[in-house]
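# Close look at the chain arrangement
Below, each chain spelled out in residue letters.
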Amino acid sequence: MRLTRCHIVQPLAPGSEIALPEDVSAHLLRVLRLSPGDACVLFNGDGHDYDARLLVADKRGARAEILAARPVANESPLRITLLQGIARGEKMDFILQKATELGVARVLPVESERSEVRLPAARAEKRLAHWRQVVVSACEQSGRATVPEVLPPQPLASAAAQREGRGFLLDPQADASLAALRGAPLAACTLAIGPEGGWSPRDRAQLDAAGFNGLRLGPRVLRTETAGLAAIAALQALAGDLG
């Protein structure tokens, strides 16, 4: 039976005993109804799963003993950064969840000229915490032991300047297609996906200045919640770990 994986933000080492955070304790004890002696798996994003056993489980919380560390080698050889125009509500959650499952390494949420979502500082901080939790939950489910980085929302020009590897701007009218990448060495890339309203001419000029090139994924215009995920899957099939 597959054991529950829980993410915690603290150092883990075999032979140590730890107090589990309140949210993790509540999930293990109240939802899964585990008892002292039951096993679980913990991870903190360092690339390992830690086998653990509950020692104490009561109303005050839970303590666990770390039994062993196991390296998890399921990260893609292709490091993909998703530069994503901020989408509304559940669309953004869906994008982050599925991009994590597909192996994206980093996410840059951006506010662009046609963004329908504008986040003042206080709200941006809360959304960032929520987005990071969405990514953590996707790691728990998908078996990843390295948590993708989600950076704070920022203007497009600032995010574009943080491009890693080749920069791709999806465009059904672009000359270059995915087929042109087949067989080419590709260790890292950054995908620029516009918000619901798409990229404006000014946005495209900023991306062009930052070294992004048009890439044709297909003949049709895809929605923001479809485009990035389709491109990530295609690139993983070409140069990553799908196929």
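Reference entry: report on the structure contained in this document. Computed from a predicted model, the values in this text were never measured in an experiment. (Residues numbered from 1 in each chain as written. Predicted model: local features only at pLDDT ≥ 70, side-chain atom pairs only at ≥ 80, totals over all residues. Heavy atoms only, no water.)

## With respect to the overall build of the protein chain
Each helix and strand in the protein chain was counted, giving six helices and 12 strands. The proportion of buried residues among the 243 residues of the protein chain is 44%. At a minimum sequence separation of 6, the contacts of the protein chain that also span at least 24 residues come to 71%. Split by element, the accessible area of the protein chain, about 12,000 Å² in all, is 52% carbon and sulfur. Taking the average location of the 29 positive side-chain charges in the protein chain and that of its 27 negative ones, the two points are 3 Å from each other. (Helix = DSSP H or I, 4+ residues; strand = E, 2+ residues; numbered from the N terminus. Buried < 20%, exposed > 50% of the residue type's maximum accessible area, 1.4 Å probe, protein only. Contact = heavy atoms within 4.5 Å. Areas by Shrake-Rupley, 256 points an atom, 1.4 Å probe, with all protein chains shown as cover. Lys, Arg positive; Asp, Glu negative; His and termini not counted. Charge placed at Lys NZ, Arg CZ, Asp CG, Glu CD.)

## So, the packing of helix α2 (residues 89–102) against helix α3 (residues 121–142)
In the contact formed by α2 and α3, the axes pass within 8 Å of each other and the chain directions differ by 40°. With respect to α3, the element α2 is oriented oblique. Crossing handedness for the pair α2 and α3: right-handed. Contacts between α2 and α3 pair G89, M92, D93, L96, Q97, T100 and E101 from the former with R127, H130, W131, V134, V135, A138, C139, Q141 and S142 from the latter. (Axes fitted to C-alpha atoms, helices over the stretch in contact; angles between N-to-C directions. Parallel < 35°, antiparallel > 145°, perpendicular 65-115°, else oblique. Left-handed = near helix turned anticlockwise from the far one by under 90°.)

## Some points on the pairing of strand β6 (residues 79–85)
Put simply, side chains in a regular strand alternate between the two faces of the sheet. Among the seven residues of β6, six are classified as buried, and the element is accordingly described as predominantly covered. With five bridges connecting them, β6 and strand β7 (residues 106–111) associate as parallel partners. Note that in β7 the partner of L82 across the bridge is V107. Regarding topology, α2 serves as the crossover connection from β6 to the parallel β7, and that connection is right-handed. (Pairing = 2+ DSSP bridges. Right-handed = clockwise from strand over helix to strand, strands pointing away.)

## Observations regarding the nonpolar core
Counting residues in hydrophobic clusters, the biggest one holds 34 residues, and the most contacted among them are I80, L82, L191 and L235. Of all the secondary-structure elements, those providing two or more residues to this core are β6, α2, α3, β10 (166–170), β11 (188–193) and α6 (224–239). Sorting elements by how many residues they give to this core places α6 first, with six residues. Ignoring anything within four residues of it in the chain, the contact list for L191 reads I80, T81, L82, L83, F168, L170, G228, A231, I232 and L235. The next biggest cluster of nonpolar side chains, apart from the first, holds 16 residues, and it includes L29, A52, L54 and A62. (Core = buried A, V, L, I, M, F, W, Y, C linked by side-chain atoms within 4.5 Å.)

## Quick notes on the layout of surface pockets
By volume, the largest pocket is sized at about 500 Å³. Around the largest pocket, the lining is made up of 26 residues, and of these L170, V221, L222, R223 and A227 lie nearest the centre. Those elements giving two or more residues to the lining of the largest pocket turn out to be β10, β11 and α6. Top element by residues in the lining of the largest pocket is α6. It accounts for three residues. A per-class count over the lining of the largest pocket returns 13 nonpolar, five polar and eight charged. (1 Å grid on protein atoms, 1.4 Å probe; cavity = no way out; pocket = protein on both sides within 12 Å on 5 of 7 lines; lining within 4 Å. Points joined across faces, edges and corners; volume = space filled by probe spheres on them. Nonpolar A, V, L, I, M, F, W, Y, C, P; charged D, E, K, R; others polar.)

## Notes on the sheet that holds strand β5 (residues 61–71)
Strands sit in the order β1-β3-β4-β5-β2 across an open sheet of five strands; the sheet is mixed. Of all strands in the sheet, those bounded by a partner on one side alone are β1 (5–7) and β2 (17–19). Pairwise comparison of adjacent strand axes, ignoring direction, gives a mean angle of 40° for this sheet. Here strand β3 (residues 39–43) pairs with strand β4 (residues 48–58) via four bridges, running antiparallel. Its bridge partner lying in β4, L42 is registered against Y50. Set on the sheet, α3 makes contact with β1 and β3; between it and β1 the angle comes to about 155°.

## Description of α6
For α6, built from 16 residues, the straight-helix expectation of 22 Å at 1.5 Å per residue is met to within 8% by its first-to-last C-alpha distance of 23 Å. Of all the residues in α6, the buried ones are T224, E225, A227, G228, L229, A231, I232, A234, L235 and Q236. On its buried face, α6 sits against β6, α2, β10 and β11. (Expected span 1.5 Å × (residues − 1).)

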